2 protein chains.
Amino acid sequence: MSQRIKCIVSYDGSNFYGFQKQVDKRTVQGEIEKCLSIIQKEPTKIIASGRTDAAVHAYGQVFHFDTNLTIKEENWKKAINSLLPNDIYIKEVEIAPSDFHARYSVKKKEYRYYLTTAEYDPLRRNYTSFLKQEVDIDKMREALKHFEGTHDFSSFTPQDNKIKDKVRTIYETHLNVYDQDLEFIFIGNGFLQYQVRIMMGLIIEIGLGKKEINLIDYLFEHHERFKVEYTAPPQGLYLWKVYY
Amino acid sequence: MSQRIKCIVSYDGSNFYGFQKQVDKRTVQGEIEKCLSIIQKEPTKIIASGRTDAAVHAYGQVFHFDTNLTIKEENWKKAINSLLPNDIYIKEVEIAPSDFHARYSVKKKEYRYYLTTAEYDPLRRNYTSFLKQEVDIDKMREALKHFEGTHDFSSFTPQDNKIKDKVRTIYETHLNVYDQDLEFIFIGNGFLQYQVRIMMGLIIEIGLGKKEINLIDYLFEHHERFKVEYTAPPQGLYLWKVYY
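Analysis parameters
Residues take numbers from 1 onward in each chain, read along the sequence in its written order. The lettering of chains begins at A and the numbering of ligands begins at 1, in the order of writing. Residue-level local features of this predicted model are given only where pLDDT is at least 70; pairs of side-chain atoms are given and counted only at 80 or more, and the full residue set underlies all totals for whole chains, interfaces and linings. Heavy atoms throughout the structure, all of them, feed into the side-chain values; hydrogens and water do not. Only the contacting stretch of a helix is used when fitting its axis, a line to C-alpha atoms as for every element, and angles between N-to-C directions run 0 to 180 degrees. By the criteria applied, helices consist of DSSP H or I runs no shorter than four residues and strands consist of E runs no shorter than two, each listed in order from the N terminus. Any angle that falls under 35 degrees is termed roughly parallel, while one over 145 is termed roughly antiparallel, one within 65 to 115 roughly perpendicular, and all others oblique. Two helices crossing with the near one rotated counterclockwise from the far one by less than a right angle form a left-handed crossing, whereas a clockwise rotation gives a right-handed crossing. Only heavy atoms enter the contact rule, under which two residues are in contact if any of them lie within 4.5 Å. Charged means Asp, Glu, Lys or Arg here, nonpolar means Ala, Val, Leu, Ile, Met, Phe, Trp, Tyr, Cys or Pro, and polar covers whatever is left, Gly included. A pairing counts as a salt bridge when a side-chain nitrogen of Lys or Arg comes within 4 Å of a carboxyl oxygen of Asp or Glu. Each residue is assigned to one of three classes by its accessible area relative to the maximum for its type, calculated with a 1.4 Å probe on protein chains only: buried under 20%, partly exposed between the two thresholds, exposed over 50%. Our superposition of the copies is a least-squares fit, built on the C-alpha atoms of residues whose pLDDT is at least 70 in both.

Draft legend 1. Layout of the packing of helix α1 (residues 28-40) of chain A against helix α2 (residues 73-83) of chain A. Residue and element names in this part refer to chain A. Relative orientation of the contacting elements α1 and α2 amounts to 120 degrees, with a least axis distance of 9 Å. Regarding the angle of α1 to α2, the classification is oblique. Crossing hand, α1 versus α2: right-handed. Seen from α1, the contacting residues are Cys35, Leu36, Ile38, Ile39 and Gln40; seen from α2, they are Trp76, Ala79, Ile80 and Leu83. Along the lines of polarity and charge, the residues of the contact of α1 with α2 split into 8 nonpolar, 1 polar and no charged.

Below, the structure written as structure tokens:
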């Protein structure tokens with residue numbers, strides 16, 4: 001009898017062309033499917049909660065796959081991790097109900113974005129975004145709060161994004177300040193491609209005094225993607241948790 | 001008139017074959033000399049406080065070079081950093097007295113070693129050493145303290161190390177515990193090749209209960225390198241500061 005397996009996975013996005021499988025490119029999905037296909041002795045596909053872009057990290061990406069093998073959860077974890085490259089790690093394996101779906105069952109997603117005003121540090125270059133100028137943290141916090149609620153995020157995703165419904169709800173946002181390091185938290189029912197990085201780009205520009213906060217409301221009404229000139233770099237972005 | 005320039009440099013050792021220049025290999029010295037030779041328009045050599053091995057990091061490596069150019073300290077810093085790859089960063093540039101020597105003027109060196117008992121995290125794989133078993137932290141602290149003082153460290157460096165005088169003094173050691181992360185600090189007048197990693201290897205084995213603390217004293221007296229079977233991995237090691 002076939003079983004559905006749910007996995008929580010963390011990865012360092014630095015050396016991947018993103019999550020989604022691509023021919024001849026090193027991707028997270030490609031590496032995981034390679035390992036599972038070895039264990040299962042047949043081509044195995046996984047379905048994840050969604051994609052992440054190149055250089056974006058994950059602490060709590062979730063995927064599922066189906067198996068006819070009878071292996072205990074802890075042994076699945078050991079078996080997969082023993083075959084994975086060292087920049088991907090399975091944190092949890094769980095035998096899931098057969099109607100569990102890593103993508104369609106998602107209730108909420110949490111992304112975090114890390115930004116620092118500290119001097120450049122080569123050891124953190126892949127894990128945070130560096131800001132050279134002074135920023136107004138109160139203004140950034142106010143800008144962040146403006147994104148809460150249900151809005152049409154068409155201005156915050158590439159214009160060629162083919163998804164029709166661009167309305168999403170952001171339930172919660174938080175900004176935590178640790179000395180010179182800023183942690184932005186976004187919890188929502190889903191996020192469009194590049195949405196967090198484009199929102200962060202605007203929040204940063206508002207913090208630098210280059211843009212005004214009322215531009216956010218304007219952009220919810222008018223779909224003028226070009227008015228957000230800056231997309232924050234991927235290195236600071238983490239898919240933190242997927243809620244089911 | 002020629003000026004001597006002192007630089008403090010940080011680097012992520014992950015993608016280097018160590019500090020010291022080698023033909024056809026990517027090294028920290030090689031990259032820095034390439035940049036300085038461009039700025040100076042002539043082949044430029046640097047002299048560092050010492051080498052670091054492949055995958056070892058630095059927050060405070062120091063080197064010097066000589067120049068006939070008249071450039072302000074802050075502009076040297078900008079010029080070099082603008083040419084360096086993003087895993088090396090010059091933190092400070094200082095016009096030094098002509099008798100300053102990055103290697104011979106060293107008074108003390110500080111190394112730090114990071115170890116964690118937390119579960120494997122792919123995002124930290126290059127920056128800390130992971131320990132899967134439980135360790136006795138009090139025993140590790142006691143072992144660490146045994147290394148303080150002036151000792152013959154012949155047992156703590158490869159047997160083919162050609163340096164004759166293997167007596168070194170460790171002035172201070174500290175062990176700081178942050179939740180599951182352990183920070184080991186060593187301050188001494190100098191360290192032999194692999195010395196910190198071999199000392200750490202023995203400290204870890206003592207923490208695991210595989211070796212006894214009195215083996216340290218034995219090894220100071222008897223030069224039996226083979227009795228320390230474990231050398232701690234380079235990823236956890238940082239050249240933290242050089243004191244002049």
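Draft legend 2. Geometry of the pattern of salt bridges. Residue and element names in this part refer to chain A. The tally for this structure, following the rule as stated, stands at 28 salt bridges over all chains. Across the salt bridge formed by arginine 26 and glutamate 31, the nearest N and O atoms sit 4.0 Å from each other. Taking the relative accessible area as the measure of exposure, arginine 26 reaches 28% and is therefore partly exposed. A salt bridge links lysine 211 to glutamate 205, with the shortest nitrogen-to-oxygen separation between them at 3.0 Å. Its relative accessible area of 15% is what places lysine 211 among the buried residues. You can call glutamate 205 buried: its relative accessible area is 10%. Here the salt bridges do not stand alone but share partners, grouping Arg26, Glu31, Lys34 and Asp87 into one network.

Draft legend 3. Broad picture of the relation of the copies chain B and chain A. The transform that puts chain B on chain A rotates by 180 degrees and translates by 0.0 Å along the axis, for an RMSD of 0.0 Å. The operation mapping one copy onto its partner corresponds to a two-fold rotation axis. The position closest to the rotation axis in chain B is occupied by the C-alpha of Arg124(B), lying 5.2 Å away. Comparing interface residues between copies, 100% of those in chain B also lie at the interface in chain A; the contact surface is shared.

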